[in-house]
Amino acid sequence: MADIVAVGELLVDFTCSLLDGETIYKQNAGGAPANVVCMASKLGASTGFIGKIGRDMFGFYLKKVLFDNKVDTKGLILDPNYSTTLAFIHNDEEGDRDFVFYRSPQTAADLNLRYGEVNRELIDECKIFHFGALSLTSEPARTATVNAVEYAKMQGKLISYDPNWRPLLWESKEAGIRAMKSAAQYADIIKVSEKELQLLTDCGALIPGVAKLLETGVKIICITQGAKGCIIATAKGIERYPAYKVKSIDTLGSGDSFFGAFLYKMLELEKSPEELDGEDILEMAMFSNACGALCSTKQGAIPAMPSKEDIIKLMETVKPERN
């Protein structure tokens, strides 16, 4: 039985580094929904993944990574008719990331998941069902994802959502924003950057944007702010939680690690979103901040994910800094 099940993209991230003046790209497993369940699994949650990859060298590699991270793969399809999605990532001197995706609707396996292929047994078993906006970029994955989320909602599952704004993957900015907004109606828990909050709510200021999202029925809003920490908002209030200062070398996957840790703590507390009090939110936020910070100290997403012991050690030895 899986506590957290995600649907969406599982792909190969090629992260670059310089070696003797040459640019070298290293293969790592990626895809935001897969990152989230891998992090939660590493912390002790039982997890599962629903998606489609190619029956190719990259697909076999990705399935092994999920298996090695104790993620249930019975919902994962390896399709010989499509290719595994690839992403090439370059970090500039300021640490900002530039992405190049090899992911066309005609050839990409993740975009060709059909609802009839969705393993609903995994959804029936779970407590939290997680999805992101990137599986909404084209059909048939868009309909498969929305139908799976609606099915999970009808089964009384908590729905977590990551808009994960990647403008290059949408046919237009307007189409992407429309889809992201439409998907938010299903969410009980949502993780956004300040930019994503603005796109979802059309509010330039944070507080009105939070209020607008809460009005739509979202119960917990996590606003990640990188080195500044995070802001958590519920119907009971809004609070900012400081970051742990670490030597960051690669932020790829840090937000997903944060969210995986947040969902893990939610399960550990065994409370509904409405039952959480200020102490619960503090515990969840600081644990997740520590997790995201540690992930940024190594290259890659899944390979950089910290252990529970390392997270606790950071929390015990490093004082969080308010910026």
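These figures come from a predicted structure and were not determined experimentally.

## Brief notes about the sheet that holds strand β5 (residues 71-79)
In spatial order, the strands read β5-β4-β1-β8-β9-β10-β11-β12-β13; together these 9 strands make up an open sheet with mixed pairing. This sheet does not close on itself; its edge strands, each paired only once, are β5 and β13 (237-241). Strand after strand, the sheet turns through a mean of 15 degrees between neighbouring axes, direction not considered.

## A word on the packing of helix α8 (residues 254-269) against helix α9 (residues 278-295)
Packed helices, taken two at a time, are described by the angle between their axes plus the distance between the axes. The N-to-C vectors of α8 and α9 enclose an angle of 145 degrees; their axes lie 8 Å apart at closest approach. In the packing of α8 onto α9, the handedness of the crossing is right-handed. Of the residues in α9, those touching α8 at Ser254, Ser257, Phe258, Ala261, Phe262, Tyr264, Lys265, Met266, Glu268 and Leu269 are Asp280, Glu283, Met284, Ala285, Phe287, Ser288, Asn289, Cys291, Gly292 and Cys295.

## Some points on the nonpolar core
As a rule of thumb, soluble globular proteins bury nonpolar side chains together. The biggest cluster of nonpolar side chains holds 56 residues, and the ones touching the most others in it are Ile4, Leu10, Phe49, Ile189, Ile220, Ile232 and Phe262. Those residues in contact with Phe262 that lie beyond four places of it in its chain are Ile189, Ile220, Cys222, Ile232, Met284, Ala285 and Ser288. Ranked by size, the runner-up nonpolar core spans 43 residues in total, among them Ala2, Ile159, Ala184 and Leu197.

## As for the pattern of salt bridges
Summed over all chains, the structure comprises 16 salt bridges. The partner of Arg142 in a salt bridge is Glu139, and the shortest N-O contact between them spans 3.8 Å. Two residues, Lys265 and Glu268, come together in a salt bridge whose shortest N-O distance is 2.6 Å. Pair noted here: Lys265 and Glu268 are both in helix α8, with a separation of 3 residues, about one helical turn.

## Describing unusual backbone geometry
Of all residues except glycine, most have a negative phi; of all peptide bonds, most are trans. Across the junction of Glu139 and Pro140, the peptide omega takes the value 5 degrees, indicating a cis bond. Tracing the chain through its elements places Pro140 in the loop between β8 (128-132) and α4 (141-154). Positive phi is not limited to glycine here, since Asn164 has a value of about 45 degrees. Secondary-structure assignment places Asn164 in the loop between β9 (158-162) and α5 (173-184).

## Here's the deal with the packing of aromatic side chains
Applying the stated rule across the entire model yields 8 aromatic pairs. On the basis of an interplanar angle of 75 degrees and a centroid distance of 5.4 Å, the ring pair of Tyr25 and Phe88 is categorised as edge-to-face. Placement of Tyr25 in strand β3 (residues 22-30) and of Phe88 in strand β6 (residues 86-91) is noted, with a sequence separation of 63 residues between them. What makes Tyr25 partly exposed here is its relative accessible area of 40%. On the basis of an interplanar angle of 20 degrees and a centroid distance of 4.6 Å, the ring pair of Phe131 and Tyr161 is categorised as stacked. Here Phe131 is found in strand β8, whereas its partner Tyr161 is found in strand β9, with 30 residues between them in sequence. On the accessibility criterion, Phe131 (1% relative accessible area) is buried. Judged by relative accessible area, which is 0%, Tyr161 ranks as buried. Cluster of aromatic residues (ring-pair linked, three or more members): Phe14, Tyr25, Phe58, Phe88 and Tyr102.

## Describing the layout of surface pockets
Taken as a whole, the second largest pocket holds about 190 Å³ of empty space. Surrounding the second largest pocket, Lys127, Ile128, Leu158, Met266, Leu267, Glu270, Lys271 and Ser272 form its lining. Here the lining of the second largest pocket is composed, by residue class, of 4 nonpolar, 1 polar and 3 charged.

## Things to note about empty space enclosed by the protein
Taken as a whole and assessed by the stated rule, the structure comprises 1 cavity of 30 Å³ or more. Quantified by volume, the largest cavity comes out at close to 40 Å³. In terms of lining residues, the largest cavity is bounded by Gly8, Gly51, Lys52, Asp110, Leu113, Ser135, Ala141 and Thr145. Secondary-structure elements contributing two or more residues to the lining of the largest cavity are β4 (47-54) and α4. Its residues placed into classes, the lining of the largest cavity shows 2 nonpolar, 4 polar and 2 charged.

Thresholds applied
Residues numbered from 1 in each chain as written. Predicted model: local features only at pLDDT ≥ 70, side-chain atom pairs only at ≥ 80, totals over all residues. Heavy atoms only, no water. Pairing = 2+ DSSP bridges. Helix = DSSP H or I, 4+ residues; strand = E, 2+ residues; numbered from the N terminus. Axes fitted to C-alpha atoms, helices over the stretch in contact; angles between N-to-C directions. Left-handed = near helix turned anticlockwise from the far one by under 90°. Contact = heavy atoms within 4.5 Å. Core = buried A, V, L, I, M, F, W, Y, C linked by side-chain atoms within 4.5 Å. Buried < 20%, exposed > 50% of the residue type's maximum accessible area, 1.4 Å probe, protein only. Salt bridge = Lys/Arg side-chain N within 4 Å of Asp/Glu carboxyl O. Phe/Tyr/Trp six-rings, centres within 6.5 Å; stacked < 30°, edge-to-face > 60°. 1 Å grid on protein atoms, 1.4 Å probe; cavity = no way out; pocket = protein on both sides within 12 Å on 5 of 7 lines; lining within 4 Å. Points joined across faces, edges and corners; volume = space filled by probe spheres on them. Nonpolar A, V, L, I, M, F, W, Y, C, P; charged D, E, K, R; others polar.

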